[in-house]
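Now for the letters of each chain:
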Amino acid sequence: MAEHDVIDLLVAQHGRIRDLFDEVEEAPPDKVEAAFCRLSRMLSMHEAAEEEIVHPYARRRLDNGPGVVADRLREESVARRLLQDLHRDGVDHPRFWDRLAELRAAVTAHSRGEERYEFARLRARTTPVERRAMGAAVRAAEGLAAILPHAGAESTARNLLVGAPKAIAERARDTIRRALGRS
């Protein structure tokens, strides 16, 4: 099934992220914070899964893989800083909507870069079995991230920004290694 292919899964998540941006922008004032938390959680889980599963594989398998991944990580860093600023200042900050628009532009550019320079080339250099194994690892990591809070996280925002990626990182690494027959 296509949904088990990691590239198809991540491209579908890019679409979901676009929908979540729309949801935040269209939310009534009393629902903006909840919608923004859903967007933040999705972004955090998605990027952590890419960083732990897709990028390491791309580094090894693609021509100029380290360069391709370095470009994606720079893009992710910009988006991560914007997301942290938004959470730090909150949805009531006077610049929230301007910063959200900056975040959307950064995430959109990053998604396009991934799809064009990393995902398309990775699809050509991997087998369906490899992509399904990575997809399973992403799915497993997402499920675990949703139920494992980060110790010492005092707020939902901090938990989303720190806990989910950490949980995904730890579990995804183990899951992908098992899926690919590595210890």
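Predicted, not measured: the structure shown is a model, and the values here were computed from it. (Residues numbered from 1 in each chain as written. Predicted model: local features only at pLDDT ≥ 70, side-chain atom pairs only at ≥ 80, totals over all residues. Heavy atoms only, no water.)

## Digging into unusual backbone geometry
The backbone phi angle of Asn64 is positive, close to 55°, even though this residue is not glycine. For Asn64, the location among the structural elements is in the loop between helix H2 (32-61) and helix H3 (65-89). Given a relative accessible area of 56%, Asn64 falls into the exposed group. (Helix = DSSP H or I, 4+ residues; strand = E, 2+ residues; numbered from the N terminus. Buried < 20%, exposed > 50% of the residue type's maximum accessible area, 1.4 Å probe, protein only.)

## Comments concerning the packing of helix H1 (residues 6-26) against H2
The contact between H1 and H2 brings their axes to 9 Å, and the two run at 160°. If you check the angle between H1 and H2, you find them roughly antiparallel. Judged by the sense of rotation from one axis to the other, the crossing of H1 with H2 is left-handed. Between H1 and H2, the contacting residues are Val6, Leu10, Gln13, His14, Arg16, Ile17, Leu20, Phe21, Glu23 and Val24 on the first element and Val32, Ala35, Phe36, Arg38, Leu39, Met42, Leu43, His46, Glu50 and Val54 on the second. In the contact of H1 with H2, the residues fall into 13 nonpolar, three polar and four charged. (Axes fitted to C-alpha atoms, helices over the stretch in contact; angles between N-to-C directions. Parallel < 35°, antiparallel > 145°, perpendicular 65-115°, else oblique. Left-handed = near helix turned anticlockwise from the far one by under 90°. Contact = heavy atoms within 4.5 Å. Nonpolar A, V, L, I, M, F, W, Y, C, P; charged D, E, K, R; others polar.)

## Focus: the environment of Ala58
Following the sequence through the fold, Ala58 ends up in helix H2. On the basis of relative accessibility, which here comes to 0%, the residue Ala58 falls in the buried class. Separated by 65 residues in sequence, Ala58 and Arg123 place their C-alpha atoms 10.0 Å apart. Those residues in contact with Ala58 that sit more than four places away from it in its chain are Gly65, Val69, Glu118 and Leu122.

## A word on the nonpolar core
Core analysis: the biggest nonpolar cluster contains 21 residues, and Phe36, Leu39, Leu100 and Leu103 have the highest contact counts within it. Mapped by element, the contributors of at least two residues to this core are H1, H2, H3 and helix H4 (96-125). Sorting elements by how many residues they give to this core places H2 first, with six residues. What Leu103 contacts, discounting residues up to four positions off in sequence, is Phe21, Leu43, Ala79, Leu82, Leu83 and Leu86. Residues Ala49, Ile53, Leu122 and Ala137 belong to the second largest nonpolar core, which totals 17 residues. (Core = buried A, V, L, I, M, F, W, Y, C linked by side-chain atoms within 4.5 Å.)

## Some remarks on the packing of aromatic side chains
Two aromatic rings are characterised by how far apart their centres lie and by the angle between their planes. Across all of its chains, the model carries two aromatic pairs by this definition. Relative to Phe96, the ring of Phe36 lies with its centre 5.4 Å away and its plane at 85°, an arrangement referred to as edge-to-face. Here Phe36 is found in helix H2, whereas its partner Phe96 is found in helix H4, with 60 residues between them in sequence. The exposure class assigned to Phe36 is buried, which follows from its relative accessible area of 2%. Of the residues examined, Phe96 reaches a relative accessible area of 1% and is grouped as buried. On the basis of an interplanar angle of 85° and a centroid distance of 4.9 Å, the ring pair of Phe96 and Trp97 is categorised as edge-to-face. Judged by its relative accessible area of 39%, Trp97 falls in the partly exposed class. One aromatic cluster is present, formed by Phe36, Phe96 and Trp97 through successive ring pairs. (Phe/Tyr/Trp six-rings, centres within 6.5 Å; stacked < 30°, edge-to-face > 60°.)

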